[in-house]
Amino acid sequence: MKPRDIVGGKASLWIFGYGSLVWKPDFQYKRSHVGHIRGYKRRFWHGDNFHRGNDQSPGRVVTLIEDDDASTWGVAFEVTGSEVEESLKYLNVRETVRGGYVTKMVEFFPEGEKQPPVQALVYIATTENALYLGPASCEAIGVQIAVCRGKTGHNLEYLLRLAEFMRSSCPHVEDHHLFSIEAAALSVVSYLMAAQ
């Protein structure tokens, strides 16, 4: 489904980010809220041969995997007016053309009890995507992330910034997958530094 089909001429749109969008949205927005979506878990199961890797050595970035018992924390951004079309054009290139993600509408729950949930657009890499790598051990993913680099920067930066976001913005949430991969990647980096 194309983002424009979902939006259908709406004057505003919420966009949910759970990976690099949490620290680097790179589009104009009216406001943002930390919160979560339900029914999905975040996993480093998607390959990246542009931003955080290359064709010979793809990096690993996050996607969402359906899981009825899970929730994923991130940031939703509200875009309004001309920002809607501009942000969708930008994200189409960043997430769809270069990343291979598809879009869905999900219910986003802002942190705190006073705000009602809103419908938000989310980008998800599916198993049908050629860049989809699937599951691996946290150690194997950590090694891959520690050594990969793409046009946007080191894959390790992506991992560390996401972990920092979770610690600073969602300190009450335990993301075992994320933090286990962070520990594995940092262990590899320490080993490589000691070997020099």
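The structure presented is a predicted model; accordingly, all values stated were derived computationally and were not measured.

Moving on, we come to the overall build of the protein chain. A tally of regular secondary structure across the protein chain gives five helices and five strands. When its helices and strands are written in sequence order, the protein chain yields α-β-β-β-α-β-β-α-α-α. Taken over C-alpha atoms, the radius of gyration comes to 17 Å for the protein chain, in line with the 16 Å a tight globule of 196 residues would show. Overall size of the protein chain, expressed as C-alpha extent along the three principal axes, is 55 × 35 × 30 Å.

Although it is not a glycine, Asp26 sits at a positive phi angle of roughly 60 degrees. Following the sequence through the fold, Asp26 ends up in the loop between strand 1 (12–17) and strand 2 (31–48). For Asp26, a relative accessible area of 43% gives the class partly exposed.

Between helix 4 (residues 155–169) and helix 5 (residues 176–195), whose axes approach to 10 Å, the crossing angle comes to 135 degrees. In terms of their interaxial angle, helix 4 and helix 5 are classed as oblique. Between helix 4 and helix 5 the crossing geometry is left-handed. Side by side, helix 4 and helix 5 meet where Leu156, Leu159, Leu160, Leu162, Ala163, Met166 and Arg167 of the first sit next to Leu178, Phe179, Ile181, Glu182, Ala185, Leu186 and Val189 of the second.

Here strand 2 pairs with strand 3 (residues 59–80) via 15 bridges, running antiparallel. The residue of strand 3 that forms the bridge with Ile37 is Thr72. Sheet topology places strand 2 next to strand 4 (residues 102–110); three bridges connect them, and they run antiparallel. Looking at the pairing, His36 lines up with Phe109 of strand 4.

Our focus in this paragraph is the nonpolar core. Within the largest apolar cluster, 52 residues are counted, with the highest numbers of intra-cluster contacts made by Phe44, Leu159, Met166 and Leu178. Sort the elements by how many residues they give to this core and strand 3 lands first, with nine residues. Those residues in contact with Leu159 that lie beyond four places of it in its chain are Phe44, Ile145, Leu178, Ile181, Glu182 and Ala185.

Let's shift gears to the packing of aromatic side chains. For the structure on display, the rule yields seven aromatic pairs. With centroids separated by 6.3 Å and ring planes inclined at 70 degrees, the aromatic side chains of Phe27 and Tyr29 adopt a geometry described as edge-to-face. Taking the relative accessible area as the measure of exposure, Phe27 reaches 9% and is therefore buried. With relative accessibility at 33%, the residue Tyr29 sits in the partly exposed group. Their ring planes at 75 degrees and their centres at 5.6 Å tell us that Phe27 and Phe77 sit as a pair that is edge-to-face. Placement of Phe27 in the loop between strand 1 and strand 2 and of Phe77 in strand 3 is noted, with a sequence separation of 50 residues between them. For the pair Phe27 and Phe77, one class covers both residues: buried. Joined through ring pairs, the aromatic side chains of Phe16, Tyr18 and Phe108 make up one cluster. Cation over ring: Arg38 sits above Phe109, and NZ or CZ is 3.8 Å from the ring centre.

Here we take up the sheet that holds strand 2. Within a sheet, adjacent strands bond to each other through the backbone by hydrogen bonds, running parallel or antiparallel. Pairing is mixed around the closed barrel formed by five strands, whose spatial order is 1-3-2-4-5. For this sheet, the mean angle separating the axes of adjacent strands, direction not counted, is 45 degrees. Packing against the sheet, helix 4 makes contact with strand 2 and strand 3, and its axis sits at approximately 80 degrees to strand 3.

Working note: regular strand, side chains alternate between the two faces of the sheet. Across the seven residues of strand 5 (residues 118–124), five count as buried, placing the element largely inside the fold. With three bridges connecting them, strand 1 and strand 5 associate as parallel partners. Residue pairing across strands places Phe16 opposite Val122, the latter belonging to strand 5. Across seven bridges, strand 4 lies against strand 5 in antiparallel orientation. By the bridge assignment, Val102 is partnered in strand 5 with Ile124.

Rules used throughout
- Residues numbered from 1 in each chain as written.
- Predicted model: local features only at pLDDT ≥ 70, side-chain atom pairs only at ≥ 80, totals over all residues.
- Heavy atoms only, no water.
- Helix = DSSP H or I, 4+ residues; strand = E, 2+ residues; numbered from the N terminus.
- Rg over C-alpha atoms; globule rule 2.2 N^0.38 Å.
- Buried < 20%, exposed > 50% of the residue type's maximum accessible area, 1.4 Å probe, protein only.
- Axes fitted to C-alpha atoms, helices over the stretch in contact; angles between N-to-C directions.
- Parallel < 35°, antiparallel > 145°, perpendicular 65-115°, else oblique.
- Left-handed = near helix turned anticlockwise from the far one by under 90°.
- Contact = heavy atoms within 4.5 Å.
- Pairing = 2+ DSSP bridges.
- Core = buried A, V, L, I, M, F, W, Y, C linked by side-chain atoms within 4.5 Å.
- Phe/Tyr/Trp six-rings, centres within 6.5 Å; stacked < 30°, edge-to-face > 60°.
- Lys NZ or Arg CZ within 6 Å of the ring centre and 35° of its normal.

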